[in-house]
Amino acid sequence: MSSTTDKKFSAATLLAQALGRTDPDTRAVVLPMHPATTYLRDPDNQYSTGRIYSRADNPTYEPVEALLCQLENGADALVFGSGMAAATAVFQALQPGDHIIAPKVMYWALRNWLQQFTARWQLTLDFVDMRDLQQLEQAIQPRKTRLIWIETPDNPLWQVSDIEAIASLAKAHGCLTAVDSTCATPLLTQPLNLGADIVMHSATKYLNGHSDVIAGALISKVDSPFWQTIRSIRAQQGAVLSPRDAHELLRGMRTLHLRVRESCQNALYLATALQANPLVAEVLYPGLPEHPDHALAQRQMQGGFGGMLSVRLKHGAEAAIGVAARTKLWKRATSLGGVESLIEHRASIEGEGTPVPADLLRLSAGIETAQELLEDFEQALELAVQNITKEPQ
Ligand SMILES: *Cc1c(COP(=O)(O)O)cnc(C)c1O
C-alpha cells in the first residue's frame, strides 16, 4: 500500500487500516510487537536485513513511520522516545557556528532547552515573530542561518504562521525549515507540501491521543546527509521509543481522524460560546472569524482549526486559577491532544519570563459532549468570580 504505484488512499482509510498491513507469518490482522534488542547475523557474517541492535531501529517502528510518511508526504520518518527527543535531534544535527531562527511564542520546554543548548554548542539563536516576514528576513544572516523553526498554531496563544511564505523565504536564503506541527496534526496541515523540509510531532499528543504514551516523530521531505545525521543521533544517543509504546502508538493513530474531527468541533463550539460570556475578556482560537490569523488558518488548515484554545478572563489570574480548581469534567493537568479535556493555568507551569498572560487558561478540547464541557467550564467560571468579588476589600 505504501508503494508509489498504488492508488493514494484518503487519510481516514490509511489510518483506520494502519496502511492495511497484516502479518505474513501468522496472517494476523494486527501487526506484532517486537521486543527483541538484538538480531541474528547471517552465516556469511552479514546483516542482510539491516537490523543489528534495537538502539538503532526496531521493526515495530516501521508501520508507524510508513504511516507518518504517507500522511505527511515525506520520504522518510523516524519515531523517537519523546517529542523533545525528536525536536532536539534536529538542532543537534547542526554544526558549530550555525545560526537558528525560532519563534517568540513556542513550546516552552523546547524554548528553554534551545537557550541553554545553543550557548553550549556554539550555535547562535534569534527569536522572532514569525507572522512578521520582514522581521524574519532581517534576522536571516547570509551563509550562517541554517535552520528556521516554526510552530503553528503556536502554543498557547494559537497564532498561525504562514509555512509556505516562510519556507520560500528560507529556501531563497539556503536555510532549512522545520515545523512543530503537533497541534495541527498530519490531518489539518501538511507542512512538507507547503515547502517545509522537516515536520516534527509530539506523538504524545494527538497521534497517540490517549495520554498514555510519550513519543515523538520527525518526517523529512527528502533523504539527505542532514537527515542521516538525525538518524545517527537517534541511534547513538538512544533517543528511541520502546517497542511496546510504538505498538500502542499505532493503535492510537488508527482513530486519529475521528478524534481530531471531534476535538476541532468541540473547540470551535467552546470558543464561540465562551466569546459571548461576559466574564471572558478574549478567546484565542484561529477558527474564530475575529482571530487576526483566521484567513491564513483557513488557507493553511483543512478540516478544522485544531482542538486547542485559550481563554483570557476579565477577573485575572486569580479567576483563572479559581476556574481550574472548580471544573469537574475538565481535568486540571498539563499536556494536550488526548480524548479527555484538559485545563491548565499556563503561566504557572511556564514560570518566570513566560510571554503567556497570567489571566489565560489553556484548554485542550477532548471528544466528550461539547455542551457538557461548556456547562462545566461556565459553572466553574461563575463560582470562581463570585469567590473573588465576595472577598472583603
Ligand atoms: C508536548 C509538546 C512537545 C514536546 O513533546 P513531548 O512528547 O512532551 O516530549 C513539543 N511541542 C509541542 C507543541 C508540544 O505540545
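Residues numbered from 1 in each chain as written. Predicted model: local features only at pLDDT ≥ 70, side-chain atom pairs only at ≥ 80, totals over all residues. Heavy atoms only, no water.

### Focus: empty space enclosed by the protein
For the record, the criterion: The pocket and cavity definitions rest on a 1 Å grid over protein atoms only: a 1.4 Å probe that fits but cannot leave marks a cavity, an open set with protein on both sides within 12 Å along at least five of seven lines marks a pocket, and residues lining either have an atom within 4 Å of a point. Grid points are joined across faces, edges and corners, and a volume is the space filled by probe spheres set on the points. Lys, Arg, Asp and Glu make up the charged group, whereas Ala, Val, Leu, Ile, Met, Phe, Trp, Tyr, Cys and Pro make up the nonpolar group; the residues left over, Gly among them, are polar. Domain start and stop positions are those given by an automatic or database domain assignment.
This structure, assessed with the given rule, holds 1 cavity of 30 Å³ or more. Forming the boundary of the largest cavity are P153, W158, C183, P286, F305, G306, G307 and M308. In terms of residue class, the lining of the largest cavity is made up of 6 nonpolar, 2 polar and no charged. Counting contributing residues, the lining of the largest cavity receives three or more from each of domain 1 (11–253) and domain 2 (256–389).

### Focus: the environment of T369
For clarity, the threshold we go by: Secondary structure counts use DSSP, requiring at least four H or I residues in a row for a helix and at least two E residues in a row for a strand, with both numbered from the N terminus.
Inspection of the secondary structure puts T369 in the loop between β12 (360–364) and α14 (370–390). Counting along the chain gives 326 residues from T369 to P43, while the straight-line C-alpha distance between them is 59 Å.

### Thoughts on the packing of aromatic side chains
For any pair of aromatic rings, geometry is given as the distance between the ring centres together with the angle between the planes. Definition in use: Classification of ring pairs uses Phe, Tyr and Trp, with its six-membered ring standing for Trp, and accepts pairs whose centres are within 6.5 Å; under 30 degrees between planes counts as stacked, over 60 as edge-to-face, and the remaining range as tilted. To sort residues, take the accessible area from a 1.4 Å probe on protein chains only and compare it with the maximum for the residue type: under 20% means buried, over 50% means exposed, and anything in between is partly exposed.
For the structure on display, the rule yields 5 aromatic pairs. Aromatic pair F91 and W113: ring centres 6.1 Å apart, planes at 50 degrees, arrangement tilted. Placement of the pair is F91 in helix α3 (residues 83–92) and W113 in helix α4 (residues 108–120), with a sequence separation of 22 residues. Judged by its relative accessible area of 0%, F91 is buried.

### Here's the deal with the sheet that holds strand β8 (residues 280–284)
So the rule is basically this: Only when DSSP finds a minimum of two bridges between them are two strands counted as paired.
In spatial order, the strands read β8-β9-β12-β11-β10; together these 5 strands make up an open sheet with mixed pairing. What marks the edges here is a single partner per strand, and that holds for β8 and β10 (331–332). In the sheet, β8 pairs with strand β9 (residues 308–313) via 4 bridges, with the strands oriented antiparallel. Directly across from L284, in β9, lies its bridge partner S310.

### Thoughts on the layout of surface pockets
Empty space within the largest pocket amounts to approximately 260 Å³. As for the largest pocket, its lining consists of R21, D23, P24, D25, T26, L31, P32, H34, R51, P59, E62 and P63. Its residues placed into classes, the lining of the largest pocket shows 5 nonpolar, 2 polar and 5 charged.

### A short note on the site of the ligand
Keep this limit in mind: Residues are classed as near a molecule or strand on a simple rule: at least one heavy atom within 4 Å of it. Here a polar contact means two N or O atoms within 3.5 Å. Within protein one must be a hydrogen donor candidate and the other an acceptor candidate, and residues neighboring in sequence count only if both atoms are side-chain atoms. Values of accessible area rely on a 1.4 Å probe in the Shrake-Rupley scheme; residue burial ignores everything except the protein chains shown.
With respect to spatial proximity, 14 residues lie near the ligand, and among them M84, D180, S202, T204 and K205 are the closest. A distance of 2.9 Å separates an oxygen atom of the ligand from a polar atom in the backbone of G83. When isolated, the ligand has an accessible area of 380 Å², and the protein chains bury 93% of it. Residue assignment for the shell around the ligand shows that the elements contributing at least two residues are α3 and β6 (198–202). Its residues placed into classes, the shell around the ligand shows 5 nonpolar, 6 polar and 3 charged.

### With respect to the domain arrangement of the protein chain
To be explicit about the condition: Whether two residues are in contact is decided by their heavy atoms: any pair within 4.5 Å suffices. Buried area: the accessible area, evaluated with a 1.4 Å probe, that two parts lose upon being put together, summed over both parts. Put simply, a salt bridge is a Lys or Arg side-chain nitrogen that is within 4 Å of an Asp or Glu carboxyl oxygen.
As assigned here, the protein chain comprises domain 1 (11–253) and domain 2 (256–389). Placing a centre on the C-alpha atoms of domain 1 and another on those of domain 2 gives a separation of 27 Å. Each partner contributes to the interface: domain 1 provides 37 residues, whereas domain 2 provides 40 residues. Carbon and sulfur atoms make up 61% of the area that domain 1 and domain 2 hide from each other, which totals about 3000 Å². Summed over the shared surface of domain 1 and domain 2, the number is 2 salt bridges. With a shortest N-O distance of 3.8 Å, D162 and R299 are connected by a salt bridge. Taken together, the connections running from domain 1 to domain 2 amount to 17 residue pairs in polar contact (both at pLDDT 80 or more). In terms of residue count, helix α7 (residues 185–188) provides more of the side of domain 1 that touches domain 2 than any other element does, 4 residues in total. For the side of domain 1 that touches domain 2, the residue count by class is 20 nonpolar, 12 polar and 5 charged.

### Quick look at the environment of E372
Inspection of the secondary structure assignment puts E372 in helix α14. The exposure class of E372 is partly exposed, given its relative accessible area of 44%. Remark: the alpha-carbon pair of E372 and L336, spanning 36 residues in sequence, is separated by 19 Å.

### Some words on the UniProt feature "modified residue: N6-(pyridoxal phosphate)lysine" (unreviewed entry) in the protein chain
Just so we agree on the cut-off: UniProt positions are given in the numbering used here, feature names are shortened, and annotations may be inferred rather than shown by experiment.
If you check UniProt for "modified residue: N6-(pyridoxal phosphate)lysine" (unreviewed entry), the listed places come out as K205 in our numbering. Counting through the fold element by element, K205 comes out in the loop between β6 and β7 (216–220). For K205, a relative accessible area of 10% puts it in the buried group. When sequence neighbours within four positions are dropped, the list of residues in contact with K205 reads Y107, T182, S335, L336 and G337.

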